[in-house]
Amino acid sequence: MSLHRQIGSATLTLLRGDITEQDTEAIVNAANSGLLGGGGVDGAIHRAGGPRILEECRKIREQQGECPAGESVITGGGNLKARFVIHTVGPVWHGGGEGEDDLLGSAYRNSLLLASARRIRSIAFPSISTGAYGFPIDRASKIAFDTVSGFLKNDSPLEEVRLVVYSQEDYEAYAFLF
Ligand code: AR6
């Protein structure tokens, strides 16, 4: 099950699937500020990718401390098909009045900027902040779609961006925007 849309010179794809199985050059992790693993997408990526990813995350923490919400860091992909993992920290939902929308947009944008700076051509995102962090899916999917679309309209080396969702309900929220 998938949908495609051409934006500038890139393809934006929506699909239901497992982020850890994507064969894009980079996949994005829905991490936390500590960068040392967790549940959900984060747990699945570290399980599938093996200990090298955690070792790199530890080094990043030693060098630059915690990663604030809205920002991203990059490691290798360990045993994953993807060569890189971009770890981004989405905001925890507190009702919408604490800058959550802007922080979620920044999490997507900074991940796309990091990928572009590395000349990465394809990247897959999970639905950041809509699991443990409780961001409402309708609002989050619109921010994800608008931020990625806006980014692809300007020049970037990205040829493909995949939005990978787990549940049928989440798929429908995103599909509404395509
Ligand atoms: N592939 C694709 N999507 C998935 C997968 C998967 N393998 N597993 C879950 N999802 P979450 P967050 C969906 O909780 O809300 C962690 O503990 C899931 O259904 O992974 O940003 C971190 O360490 C949901 O729609 O991320 C942080 O502490 C979406 O991915 C915290 O959770 C995001 O769910 C981050 O919370």
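Along each chain, numbering runs from 1 in the same order as the chain's sequence is written. Per-residue local features are limited, in this predicted model, to residues with pLDDT of at least 70; the limit for side-chain atom pairs, both in listing and counting, is 80 or more; totals at the level of whole chains, interfaces and linings are taken over all residues. To obtain the side-chain values, all non-hydrogen atoms of the structure were used and water was disregarded.

**Quick look at the overall build of the protein**
A helix here means a DSSP run of H or I that spans at least four residues, while a strand means a run of E at least two residues long, and both kinds are numbered starting from the N terminus. Within the protein, the secondary structure is distributed over five helices and seven strands. When the helices and strands of the protein are placed in sequence order, the string is β-β-β-α-α-β-β-α-β-α-β-α. Restricting the calculation to C-alpha atoms gives the radius of gyration, and the globule rule supplies 2.2 Å times the number of residues raised to the power 0.38. The C-alpha atoms of the protein give 15 Å as radius of gyration, which agrees with the globular expectation for 178 residues (16 Å, within 12%). Taking the principal axes of the C-alpha coordinates as reference, the protein spans close to 40 × 35 × 30 Å. Of all 178 residues assigned to the protein, the portion counted as buried reaches 50%. Excluding contacts between residues fewer than 6 apart, the proportion of contacts in the protein whose partners are at least 24 apart in sequence is 69%. Total accessible area on the protein stands at roughly 8,300 Å², and carbon and sulfur atoms take up 47% of it. Residue burial is assigned from relative accessible area. The probe radius is 1.4 Å, only protein chains are included, and a residue is buried under 20% of its type maximum, exposed over 50%, and partly exposed in between. What makes two residues a contact is simply this: any of their non-hydrogen atoms within 4.5 Å. Calculation of accessible area relied on Shrake-Rupley with a 1.4 Å probe; when residues are assessed, cover is drawn exclusively from the protein chains displayed.

**Considering the environment of R58**
Looking at the element boundaries, R58 is found in helix α2 (residues 51-64). Under the relative-accessibility criterion, R58 is labelled partly exposed at 43%.

**A look at the nonpolar core**
Nonpolar side chains in soluble globular proteins generally cluster together in the buried interior. With 34 residues, the main nonpolar core has Y108, L112, I123, F125, V148, V161 and Y174 as its most contacted residues. Among the secondary structure elements, those contributing two or more residues to this core are β2 (10-16), β3 (26-31), β5 (84-89), α3 (100-117), β6 (122-125), α4 (137-153), β7 (160-165) and α5 (168-175). Here the element with the most residues in this core is α4; it accounts for eight residues. When sequence neighbours within four positions are dropped, the list of residues in contact with V148 reads L12, Y108, L112, V161 and L163. Nine residue types can take part in a nonpolar core, namely buried Ala, Val, Leu, Ile, Met, Phe, Trp, Tyr and Cys, and a core is a set of them joined through side-chain atoms within 4.5 Å.

**Some words on the site of the ligand**
Throughout, the term near means that a residue has one or more heavy atoms lying within 4 Å of the molecule or strand in question. In the region of the ligand, 22 residues are neighbours, and N32, G39, V41, D42 and A132 sit closest. When the free accessible area of the ligand is taken as 700 Å², the share hidden by the protein chains comes to 87%. Of the pockets mapped on this structure, the ligand occupies the largest pocket. When contributions to the shell around the ligand are tallied by element, the ones reaching two or more residues are β3 and α1 (40-49). Here the shell around the ligand gets four residues from one element, more than from any other, and that element is α1. When grouped by side-chain class, the residues that make up the shell around the ligand number nine nonpolar, ten polar and three charged. Cavities and pockets were defined on a 1 Å grid built from protein atoms only: a cavity is a group of points that admits a 1.4 Å probe but offers it no way out, a pocket is an open group of points flanked by protein on both sides within 12 Å along at least five of seven lines, and a lining residue is one with an atom within 4 Å of any such point. A cavity or pocket is said to hold a molecule if more than half of that molecule's atoms lie within 2 Å of its grid points. Put simply, Ala, Val, Leu, Ile, Met, Phe, Trp, Tyr, Cys and Pro go in the nonpolar bin, Asp, Glu, Lys and Arg in the charged bin, and everything else, Gly too, in the polar bin.

**Some thoughts on the layout of surface pockets**
Grid points are joined across faces, edges and corners, and a volume is the space filled by probe spheres set on the points. What the largest pocket holds in volume is close to 570 Å³. Secondary structure elements with two or more residues in the lining of the largest pocket: β3, α1 and β7. Grouping the amino acids of the lining of the largest pocket by side-chain chemistry returns twelve nonpolar, eleven polar and three charged.

**Notes on the packing of α4 against α5**
To define axes, lines are fitted to C-alpha atoms, for helices over the stretch in contact only, and angles between the resulting N-to-C directions are given on a 0 to 180 degree scale. Contact geometry of α4 with α5 gives a least axis separation of 9 Å together with a crossing angle of 50°. Regarding the angle of α4 to α5, the classification is oblique. The chirality of how α4 crosses α5 is right-handed. On the side of α4, the interface is formed by I137, D138, S141 and A144, while α5 contributes D170, A173 and Y174. Partitioning the contact of α4 with α5 into residue classes produces four nonpolar, one polar and two charged. Each angle is binned into one of four classes, with values under 35 degrees roughly parallel, values over 145 roughly antiparallel, values of 65 to 115 roughly perpendicular, and all other values oblique. Rotating anticlockwise by less than a right angle from the far helix to the near helix defines a left-handed crossing, while the corresponding clockwise rotation defines a right-handed one.

**Focus on α1**
Buried within α1 are the following residues: D42, G43, I45, H46 and G49. All buried residues of α1 fall inside an arc of 165° around its axis, so they share one side. Set apart from the buried face of α1 by more than 90 degrees, the exposed residues are G40 and R47. G50 lies just past α1 and shows a positive phi near 85°. Taking the helix axis as origin, the arc is that swept by the directions to the C-beta atoms.

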